[in-house]
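An overview of the molecular structure
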Amino acid sequence: MEMSPAYMAATAKHLEDNGWKVTRSTEDRVRDGAPVFTAARYRVERGADEVLSFEALTYPDGVHAYYLAIDAWHGVTCTSFPVDSWKHRPDRVEWKFYVHPKTSLGLSFVVQLVAKPPG
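Residues numbered from 1 in each chain as written. Predicted model: local features only at pLDDT ≥ 70, side-chain atom pairs only at ≥ 80, totals over all residues. Heavy atoms only, no water.

**Some points on helix α1 (residues 5–17)**
Note the cut-off: The helix count covers DSSP runs of H or I at least four residues long, the strand count covers runs of E at least two residues long, and both are numbered beginning at the N terminus. What a helix is expected to span follows from its residue count: subtract one and scale by 1.5 Å. Burial classes follow relative accessibility: with a 1.4 Å probe on protein chains only, a residue under 20% of its type's maximum area counts as buried, one over 50% as exposed, and anything between as partly exposed. This arc describes the spread of directions from the helix axis toward the C-beta atoms. Note on contacts: a residue pair is in contact if any heavy atoms of the two residues lie within 4.5 Å.
Compared with the 18 Å implied by 1.5 Å per residue over 13 residues, the 18 Å span of α1 between its first and last C-alpha is a close match. All of the buried residues along α1 are Tyr-7, Met-8, Thr-11, Ala-12, His-14 and Leu-15. An end-on view of α1 places all buried positions within 155 degrees of arc, on one side of the element. Seen from the open side of α1, the exposed residues pointing more than 90 degrees away from its buried face are Ala-6 and Asp-17. Where α1 is buried, its residues contact β1 (21–31), β2 (34–45), β3 (50–58), β4 (64–73), β6 (85–89) and β7 (92–99). With its phi angle positive at about 95 degrees, Gly-19 sits one or two positions after the end of α1.

What follows is the structure, given as structure tokens:
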């Protein structure tokens, strides 16, 4: 799957279709009268302990950049960081935020769409 603002919107919709609350917003950033980027932002929540924010930035030259922040995850938080890629599957969404240039192995944050009972 090619990463795109449309795929990010589809990922937010996939989470919403699986019971997550989704808040959408946009921002057109301008500096000295010139456009800097347009942001499409998504805040997704499954209760107070599972809250993520992700965004797609589109620059005037057509380049895109993607970011994920872990706002709350059972006591863990993480500031916004660049996302290399992500994908959604029927049972999960996986964000990859670092890919080693030689091995293509990366660090991932995987969200199971069906909450598993403790224990």
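Having seen the model, we can carry on.
**Remarks on the nonpolar core**
Proteins that are soluble and globular tend to have nonpolar side chains buried together. Definition in use: Grouping buried Ala, Val, Leu, Ile, Met, Phe, Trp, Tyr and Cys residues that are joined through side-chain atoms within 4.5 Å yields what is termed a nonpolar core.
Of all hydrophobic cores here, the largest spans 25 residues; its most connected members are Leu-15, Leu-52, Phe-54, Leu-68, Trp-86, Trp-95 and Phe-109. When contributions to this core are tallied by element, the ones reaching two or more residues are α1, β2, β3, β4, β7 and β8 (106–112). Sequence-distant contacts of Phe-54, that is, excluding residues within four places in its chain, are made with Met-8, Ala-12, Leu-15, Ala-40, Arg-41, Tyr-42, Val-44, Tyr-67, Leu-68 and Trp-95.

**Structural notes on a nonpolar patch on the surface**
Rule in force here: Candidate patch residues must exceed 30% relative accessible area and have no salt bridge, after which like charges are joined if within 9 Å and Val, Leu, Ile, Met, Phe, Trp or Tyr side chains if within 5 Å. Residue exposure ignores everything except the shown protein chains as possible cover, and the areas themselves are Shrake-Rupley values with a 1.4 Å probe. Should a side-chain nitrogen of Lys or Arg be within 4 Å of a carboxyl oxygen of Asp or Glu, the pair is scored as a salt bridge.
Taken together, the side chains of Phe-97, Tyr-98 and Leu-107 define a hydrophobic patch exposed on the protein surface, amounting to about 280 Å² of accessible area. Here Phe-97 is to be found in strand β7.

**As for the pairing of β7**
Keep this limit in mind: By the convention used here, strands pair only if DSSP detects at least 2 bridges between them.
Relative to β7, β6 runs antiparallel, the two sharing 5 bridges. For His-88, the partnering residue across the bridge sits in β7 and is Val-93. Linking β6 to β7, which pair antiparallel, is a turn of 2 residues. Two elements, β7 and β8, share 7 bridges in a ladder whose sense is antiparallel. Each bridged residue has a counterpart across the sheet, and for Val-93 the counterpart in β8 is Val-111. Counted between consecutive antiparallel strands, the loop separating β7 from β8 contains 6 residues, among which Ser-104 sits at a positive phi close to 65 degrees.

**Regarding the side chain of Glu-55**
Operational definition: In protein, a polar contact requires one atom able to donate a hydrogen and another able to accept it; more generally it is a pair of N or O atoms within 3.5 Å, and residues adjacent in sequence count only if both atoms are side-chain atoms.
Relative to the elements of secondary structure, Glu-55 occurs in strand β3. A polar contact is formed between the side chain of Glu-55 and the side chain of Arg-41, at a distance of 2.5 Å. Residues within four places of Glu-55 in sequence aside, it is in contact with Met-8, Ala-39, Ala-40, Arg-41, Ala-65, Tyr-66 and Tyr-67.

**What about the environment of Gly-106?**
With respect to the element layout, Gly-106 can be found in strand β8. Through-space distance from the C-alpha of Gly-106 to that of Asp-84 is 9.1 Å; in sequence the pair is 22 residues apart. If near-sequence neighbours (up to four positions away) are discounted, Gly-106 is found in contact with Lys-96, Tyr-98 and Val-99.

In short, shape yes, function no, at least from these values alone.
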